Amino acid sequence: MRKWLLLSTAILLEVTATLSLRGALDHPAFYVLVALGYVGSLTVLALVLRAGLALGVAYGIWGASGVALTAILAALFFGDPLTGVMGIGIALVIGGVLCVELGAQSARSAPPAQSAPSPRSRDEGAPS
Amino acid sequence: MTWAYLGAAILIEVAGTLCLGMASRGRGKRWLAGTVTGYLAAFTFLSLALNGGMALGVAYGIWAAAGVALTAVATRVLFGEPLTKVMGAGIGLIAVGVLCIELGAGH
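If you look chain B up in an unreviewed UniProt entry, it shows as QacE family quaternary ammonium compound efflux SMR transporter from Streptomyces seoulensis. Listed under Sequence similarities (unreviewed entry) in UniProt, the entry text for chain B is "Belongs to the drug/metabolite transporter (DMT) superfamily. Small multidrug resistance (SMR) (TC 2.A.7.1) family."

As recorded in an unreviewed UniProt entry, chain A goes by the name QacE family quaternary ammonium compound efflux SMR transporter, listed as coming from Streptomyces seoulensis. The Subcellular location (unreviewed entry) comment attached to chain A in UniProt states, word for word, "Cell membrane". Per UniProt, chain A has the following entry under Sequence similarities (unreviewed entry): "Belongs to the drug/metabolite transporter (DMT) superfamily. Small multidrug resistance (SMR) (TC 2.A.7.1) family."

The number of helices and strands found in chain B is 4 helices and 0 strands. When its C-alpha atoms are laid out on the principal axes, chain B stretches across 45 × 35 × 15 Å. Looking at the 107 residues of chain B, the share that counts as buried comes to 48%. Look at the contacts in chain B between residues 6 or more apart in sequence, and 68% of them connect residues 24 or more apart.

What follows covers empty space enclosed by the protein. One pass over the full model with this rule turns up 2 cavities of 30 Å³ or more. Together, 15 residues line the largest cavity, and Gly56(A), Val100(A), Thr71(B), Ala72(B) and Thr75(B) are the ones closest to its centre. When residues of the lining of the largest cavity are traced back to their parent elements, those giving at least two are helix 3 (55-78) and helix 4 (84-109) of chain A together with helix 3 (56-79) of chain B. Within the lining of the largest cavity, the residues separate by chemical class into 8 nonpolar, 4 polar and 3 charged. Volume-wise, the second largest cavity comes out at about 80 Å³. Taken together, Glu14(A), Tyr59(A), Trp62(A), Gly63(A), Glu13(B), Tyr39(B), Phe43(B), Tyr60(B), Trp63(B) and Ala64(B) make up the full set of residues lining the second largest cavity. Elements with a contribution of two residues or more to the lining of the second largest cavity: helix 3 of chain A together with helix 2 (29-51) and helix 3 of chain B.

A word on a nonpolar patch on the surface. Residue and element names in this part refer to chain A. A cluster of nonpolar side chains, namely Ile72, Leu76, Phe77 and Leu82, defines an oily patch on the protein surface of about 430 Å² accessible area. Among the secondary structure elements, Phe77 is positioned in helix 3. Classification of Phe77 by relative accessible area gives exposed; the value is 57%.

What follows is about the packing of helix 4 of chain A against helix 3 of chain B. Relative orientation of the contacting elements helix 4 of chain A and helix 3 of chain B amounts to 25°, with a least axis distance of 10 Å. When the axes of helix 4 of chain A and helix 3 of chain B are compared, the pair comes out roughly parallel. With respect to the hand of their crossing, helix 4 of chain A and helix 3 of chain B are arranged in left-handed fashion. Contact residues: Met86(A), Val93(A), Val97(A) and Val100(A) in helix 4 of chain A; Val58(B), Ala65(B), Val68(B) and Ala72(B) in helix 3 of chain B. When its residues are assigned to classes, the contact of helix 4 of chain A with helix 3 of chain B shows 8 nonpolar, no polar and no charged.

Each value, and the rule that gives it
Note that residues are indexed from 1 along each chain, following the sequence as it is written. As a convention, the first chain written is A and the first ligand written is 1, with the rest following in written order. Totals for whole chains, interfaces and linings use all residues, but because this is a predicted model, local features are given only for residues with pLDDT of at least 70 and pairs of side-chain atoms are given and counted only at 80 or more. Water and hydrogen atoms were dropped before computing side-chain values, which therefore reflect all heavy atoms in the structure. UniProt positions are given in the numbering used here, feature names are shortened, and annotations may be inferred rather than shown by experiment. Numbering goes from the N terminus for both helices and strands, where a helix is a DSSP run of H or I of at least four residues and a strand is a run of E of at least two. A 1.4 Å probe rolled over the protein chains alone gives each residue an accessible area, and that area as a share of the maximum for its type sets the label: buried under 20%, exposed over 50%, partly exposed in between. Contacts between residues were defined by any pair of non-hydrogen atoms, one from each residue, lying within 4.5 Å. For cavity detection a 1 Å grid was placed over the protein atoms alone, and a set of points counts as a cavity when a 1.4 Å probe fits there but cannot get out; an open set counts as a pocket when protein lies on both sides within 12 Å along at least five of seven lines, with lining residues being those that have an atom within 4 Å of a point. Grid points are joined across faces, edges and corners, and a volume is the space filled by probe spheres set on the points. Charged residues are taken to be Asp, Glu, Lys and Arg, nonpolar residues to be Ala, Val, Leu, Ile, Met, Phe, Trp, Tyr, Cys and Pro, and polar residues to be all remaining types, Gly included. Like-charged residues are merged into a patch within 9 Å and nonpolar side chains (Val, Leu, Ile, Met, Phe, Trp, Tyr) within 5 Å, provided each residue has over 30% relative accessible area and no salt bridge. A 1.4 Å probe and the Shrake-Rupley method give the accessible areas. Residues count as covered only by the protein chains that appear here. For salt bridges, the criterion is a side-chain nitrogen of Lys or Arg within 4 Å of an Asp or Glu carboxyl oxygen. Between the N-to-C directions of two axes lies an angle of 0 to 180 degrees, each axis being a line fitted to C-alpha atoms and, for a helix, fitted only over the stretch in contact. Here roughly perpendicular refers to angles of 65 to 115 degrees, roughly parallel to angles under 35, roughly antiparallel to angles over 145, and oblique to all remaining angles. Note: crossing handedness is left-handed where the near helix turns anticlockwise from the far helix by less than a right angle, and right-handed where it turns clockwise.

Here it is in structure tokens:
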């Protein structure tokens, strides 16, 4: 539970920093928020990894949530374009990121495929 | 030029993430220094891409998604982490999604 709370914190800090990166183009004072947000997010992400979440899982969820939140909030705050095709693209990206992340998780929890000989290769090696 | 900046931001960010992976495997503070340097440089290049007029949703979406796909491939090569068919399909989805974001934003 703790690692998921930490991951949520990392995501929120990172989205805040990314939006500030855009805001700093008009108001350089936002660079303070950029620095604090990214340093804080990176620190919390390191804590997430230390709490036992695999790099691929943490990074995947971080990336997927960040893409969606940033696109929506950038459209709200800065009037950036958010068309239907872009919406489909963002949905595909999130699906893809989750596939990479869930695939990595299930592959890691399964026993390694090469550590034991398969029944078929044993049959081939046995005298008939 | 904005696309070159974005490409540089993606590659440097993947390098920073791999350094973070090394640091989390107990390889010492040198790798954390690489992580911090890499992320700082990546955000600088991302800022340059935004300064060149790229929309934040486009730049960030492509940056993050390409980073996920490249990191999955790189951790397979460097750390021997698994890369399954589901993960391969995910990388394909990311590529198509990035293309949609790019086409939908452009013109």
